[in-house]
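Residues per chain are reported as follows:
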Amino acid sequence: MPLIAKREFASRRNRLMKQMPANSLAVIAASSLQTRSGDTHYRFRQHSDFLYLTGFNEPDAILVLVPRRAKGETIIFCRDPDAEYQRWNGEVLGPEQAEQKLGVDHGFGLDAFTDIAEGLLEGIEQIYAPLDNATITQALPTWQARYGTKLGEQLLDIQPLIADLRWVKSSAELRAMGAAATISSAAMNRAIEATRPGLWEYQIAAELHHTYLWHGAEAAYLPIVAAGQSAEALHYVDNQRELRDGDLLLVDAGCEVEGYAADITRTWPISGQFNSAQRAIYQLVLAANEAAIAEVVMGNPYDAAHQAAVKMICHGLVQLKIIDGPVDEALKQQRYKKYFMHATGHWVGLDVHDTGPYKVAGQSPVLEDGMVVTVEPGIYIDSTDQTVAPKWRGIAVRIEDTVAVSQNGPRVLTSAAIKQIDQIETAMRETDYAPV
Ligand code: GLY
Ligand code: MN
Ligand code: MN
């Protein structure tokens, strides 16, 4: 049984249609297969908006929403169950099954789209569409011919309306994210236990992928497995360096379940034991992570978590003499930014960097029950940084959790991924797990 039920998809479509004027319709396209090389493709990933509204995981389909009809009409255009196509590519749902399986009002083959869309345009004065989608923009000349210059003015972007719906998660969505977080946490713990000097970053990535796939999930983004200096590049995904005794390993990796992502980062010593400089930086980042999580509560501005993390890190960096004080001055001058240069988090959901604004009317938005954020402070000290004592050079630590706003305070979905120093050192010392 899928975690997101058919009726939830129907209710999302209805909520979207309620926001659209009666004389409008929406055309929303699925993703297409992307060529990897020659005649091979990347693994298919559905467009998040299309997935949100249908739960349908085939390429090239088109969803049309017509709010003016009765209670609102939903039509899907999808691939016909052509025997030759299915011989090579496996089963497709087909338009007839689509009505029953997806709960849409009508299903048609893709070939019927242009003709039927023509008929649907009767009386329509506004068309909502994802304006960055090739399928839609290719259909535009037909509509343009019908509407002439009028269409240009009446063509509206559907994405902000869907983005707004996706922002607050339902209980079923939170269950999917909880499942993704649990699997991602297990993967992270296994990666910690697998670590030893002499392995390679890609071998740690293999541990992560193994756990995701074993549980029927897949990576929500390319895992960052960054040993030592690799972590100086924030989005390093090369994963080709050898793990060296004495270095830290920073791993930022999460999987997705039914399209819903978890986002975790953990950092641990390759030797299994933090040295004193690594420990000091780790403790500071952990304190910032915990202080920021405590701010992920209903009614707080989104930005409160970042402010808490910045204060903690700035204070700590002054104490450790990595930046000059006094703290107030360092905060005002943003001296911490040299070492903590990114935001403390982002929205998470169907996209790892999910929809949701970071400013509403110029203000940080207020957190509501069901919103999900990451909390991911970090400190990154370049190996070449001559402004700090040599013991700090080359230390990079990020600790990231996926946290849901709830009636009962912050719900850390990734809490099963160990992050206390004694937990990490004990797990690495006591494990008998040996990757092959
Ligand atoms: N995994 C990307 C991020 O943490 O934002
Ligand atoms: Mn993140
Ligand atoms: Mn991350």
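These notes cover the structure that comes with them. Computed from a predicted model, the values in this text were never measured in an experiment.

Let's shift gears to the layout of surface pockets. Considering only enclosed or pocket space, the largest pocket measures out at about 770 Å³ in volume. Considering the residues around the largest pocket, the lining is formed by 34 residues, among which Leu51, Gly55, Asn57, Glu258 and Gly259 are closest to the centre. Elements with a contribution of two residues or more to the lining of the largest pocket: helix H1 (6-18), helix H2 (48-54), helix H4 (94-102) and strand E12 (255-257). Looking at the lining of the largest pocket, its residues break down into 17 nonpolar, seven polar and 10 charged. Size it by volume and the second largest pocket reaches roughly 560 Å³.

Attention shifts here to a negative patch on the surface. Negative charge collects at one region of the surface, where Asp80, Asp82, Glu84, Glu96, Glu99 and Asp111 lie side by side. Position of Asp111 among the secondary structure elements: in the loop between strand E6 (106-109) and helix H5 (113-120).

Now for the site of ligand 1. Around ligand 1, a shell composed of Tyr221, Asp252, Asp263, His346, His353, Glu376 and Glu400 is seen. Between ligand 1 and Asp263, the relevant distance is 3.2 Å, taken from an oxygen atom to a side-chain nitrogen or oxygen of the residue. One of the side-chain nitrogen or oxygen atoms of His346 is found 3.0 Å away from an oxygen atom of ligand 1. About the coverage of ligand 1: the protein hides 91% of its 190 Å² of free accessible area. Broken down by class, the residue content of the shell around ligand 1 amounts to one nonpolar, two polar and four charged.

Another aspect to go through is the coordination of the manganese ion (ligand 2). The textbook angles at a metal center are 109.5 degrees for a tetrahedron of four donors and 90 or 180 degrees for an octahedron of six. Surrounding the manganese ion (ligand 2) are the protein donor atoms Asp263 (OD), His346 (NE2), Glu376 (OE) and Glu400 (OE), which sit 2.0 to 2.2 Å from the metal. The sequence pattern describing where the donors of the manganese ion (ligand 2) fall on their chain is D-x82-H-x29-E-x23-E.

The subject of this paragraph is the pairing of strand E7 (residues 126-129). A two-sided burial pattern is seen for E7, the buried positions comprising Gln126 and Tyr128 on one face and Ile127 and Ala129 on the other. As paired strands, strand E1 (residues 24-29) and E7 are joined by three bridges and run parallel to one another. By the bridge assignment, Leu25 is partnered in E7 with Ile127. Relative to strand E8 (residues 155-157), E7 runs parallel, the two sharing three bridges. Bridging from a neighbouring strand, Tyr128 pairs with Leu156 of E8.

According to the stated counting rule, one finds eight aromatic pairs in the structure shown. Between Trp200 and Tyr202 the ring centres are 6.1 Å apart and the planes differ by 15°, which places this aromatic pair in the stacked class. Assessed through its relative accessible area of 31%, Trp200 is described here as partly exposed. With 4.8 Å between their ring centres and 50° between their planes, Phe274 and Tyr282 make a pair best called tilted.

Across all of its chains, the model carries 17 salt bridges by this definition. Between Glu376 and Arg398 there is a salt bridge; the shortest N-O distance is 3.9 Å. Taken together, the residues Glu376 in the loop between strand E15 (372-375) and strand E16 (378-380) and Arg398 in strand E17 (residues 396-398) connect sequence positions 22 residues apart. What emerges from the salt-bridge pattern is a single network uniting Asp49, Arg166, Lys169, Asp351 and Asp354.

Let's shift gears to H5. Of all the positions in H5, only Phe113, Ala117 and Leu120 are classed as buried. Buried positions in H5, seen along its axis, are confined to an arc of 55° and lie on one side of it.

The next point concerns the coordination of the manganese ion (ligand 3). Around the manganese ion (ligand 3), the donor atoms from the protein are Asp252 (OD), Asp252 (OD), Asp263 (OD) and Glu400 (OE), and they sit 2.1 to 2.5 Å away. Here the manganese ion (ligand 3) binds six donor atoms, and the angle range of 56 to 169° at the metal identifies the geometry as irregular. Each donor residue of the manganese ion (ligand 3) lies on the same chain, and together they follow the pattern D-x10-D-x136-E. If you look at the manganese ion (ligand 3) and the manganese ion (ligand 2), they sit 3.3 Å from each other and are both ligated by Asp263. Remark: Asp263 occurs in the loop between strand E13 (260-261) and strand E14 (265-269) and Asp252 occurs in strand E11 (residues 248-252); sequence separation between them is 11 residues. On the accessibility criterion, Asp252 (7% relative accessible area) is buried.

In any sheet, the strands associate via hydrogen bonds between backbone groups, in a parallel or an antiparallel arrangement. Taking strand neighbours across the sheet as the criterion, the six strands line up as E6-E5-E4-E1-E7-E8 in an open arrangement whose pairing is mixed. Unpaired on one side and paired on the other, E6 and E8 mark the two borders of the sheet. On average, each strand axis in the sheet is inclined to that of its neighbour by 20°, with strand direction left out of account. Running over the sheet, H5 touches E1, strand E4 (62-66), strand E5 (73-78) and E6 and is turned about 15° from E4.

Burial runs high along E1: six of the six residues are buried. What you see with E1 is no split at all: Ser24, Ala26 and Ile28 on one side and Leu25, Val27 and Ala29 on the other are buried throughout. Note that E1 and E4 share four bridges and pair antiparallel. If you follow Ile28 over to E4, its bridge partner there is Leu63.

Bringing the side chain of Ser184 into the picture now. As for its position among the elements, Ser184 is in helix H9 (residues 171-194). In this structure Ser184 comes out as buried when scored by relative accessible area, which is 0%. Each residue touching Ser184, except ones within four places of it in the same chain, is listed here: Tyr212, Gly254, Cys255, Ala262 and Ile264.

Thresholds applied
Residues numbered from 1 in each chain as written. Chains lettered and ligands numbered in written order. Predicted model: local features only at pLDDT ≥ 70, side-chain atom pairs only at ≥ 80, totals over all residues. Heavy atoms only, no water. 1 Å grid on protein atoms, 1.4 Å probe; cavity = no way out; pocket = protein on both sides within 12 Å on 5 of 7 lines; lining within 4 Å. Points joined across faces, edges and corners; volume = space filled by probe spheres on them. Helix = DSSP H or I, 4+ residues; strand = E, 2+ residues; numbered from the N terminus. Nonpolar A, V, L, I, M, F, W, Y, C, P; charged D, E, K, R; others polar. Patch = residues over 30% accessible without salt bridge, like charges linked within 9 Å, V, L, I, M, F, W, Y side chains within 5 Å. Areas by Shrake-Rupley, 256 points an atom, 1.4 Å probe, with all protein chains shown as cover. Salt bridge = Lys/Arg side-chain N within 4 Å of Asp/Glu carboxyl O. Lys, Arg positive; Asp, Glu negative; His and termini not counted. Charge placed at Lys NZ, Arg CZ, Asp CG, Glu CD. Near = heavy atom within 4 Å. Polar contact = N/O pair within 3.5 Å; in protein donor to acceptor, adjacent residues only side chain to side chain. Donors = N, O, S within 2.8 Å, 3.2 Å for Na, K, Ca; no water. Buried < 20%, exposed > 50% of the residue type's maximum accessible area, 1.4 Å probe, protein only. Pairing = 2+ DSSP bridges. Phe/Tyr/Trp six-rings, centres within 6.5 Å; stacked < 30°, edge-to-face > 60°. Arc of directions from axis to C-beta. Tetrahedral: all angles 85-135°; square planar, octahedral: opposite > 155°, others 65-115°. Axes fitted to C-alpha atoms, helices over the stretch in contact; angles between N-to-C directions. Contact = heavy atoms within 4.5 Å.

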